[in-house]
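Observations on chain architecture
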Amino acid sequence: MLVQRTPMSPPEAEAFEAAIRASGRDPEAFKAQVFEAAANDEDATPLRRVHVVTRRAAAQYDASNGEWTENFARHLARGFFG
């Protein structure tokens, strides 16, 4: 299995920044990296994970279904990122 960094899709990037702004935080304080693991089987769905970091916290999200930004927004609302 090959794991590589991939770009975030424009809709994901927009949702990521919108969640940060809605929480009253600065988007510049958050960094996100998307990693994709391609299986050896061509028919298999690639596994995607997003790593989000700030100065004080970090979290990983399963992005295989494309809905990780909802979990990220919930974490922001609960104060997981300070």
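Definitions and limits used
- Residues numbered from 1 in each chain as written.
- Predicted model: local features only at pLDDT ≥ 70, side-chain atom pairs only at ≥ 80, totals over all residues.
- Heavy atoms only, no water.
- Buried < 20%, exposed > 50% of the residue type's maximum accessible area, 1.4 Å probe, protein only.
- Helix = DSSP H or I, 4+ residues; strand = E, 2+ residues; numbered from the N terminus.
- Arc of directions from axis to C-beta.
- Contact = heavy atoms within 4.5 Å.
- Phe/Tyr/Trp six-rings, centres within 6.5 Å; stacked < 30°, edge-to-face > 60°.

Now for helix 2 (residues 68-77). Taken together, the buried positions of helix 2 are Trp68, Thr69, Phe72 and Leu76. Buried residues in helix 2, looked at end-on, bunch into an arc of 95°, giving them a common side. Structurally, helix 2 contributes buried residues whose contacts are with helix 1 (10-22), strand 3 (47-53) and strand 4 (58-62). The first or second residue beyond helix 2 is Gly79, which carries a positive phi of 85°.

Here we take up the packing of aromatic side chains. Per the counting criterion, the structure on display carries 8 aromatic pairs. Between Phe30 and Phe72, the ring centres sit 5.9 Å apart and the planes meet at 85°, which makes this aromatic pair edge-to-face. Taken together, the positions of Phe30 in the loop between helix 1 and strand 2 (31-38) and Phe72 in helix 2 put the pair 42 residues apart, joining distant regions of the chain. Each member of the pair, Phe30 as well as Phe72, carries the same accessibility label: buried. With 5.6 Å between their ring centres and 65° between their planes, Phe30 and Phe81 make a pair best called edge-to-face. On the criterion of sequence distance, the pair formed by Phe30 in the loop between helix 1 and strand 2 and Phe81 in the segment after helix 2 is long-range, its members being 51 residues apart.

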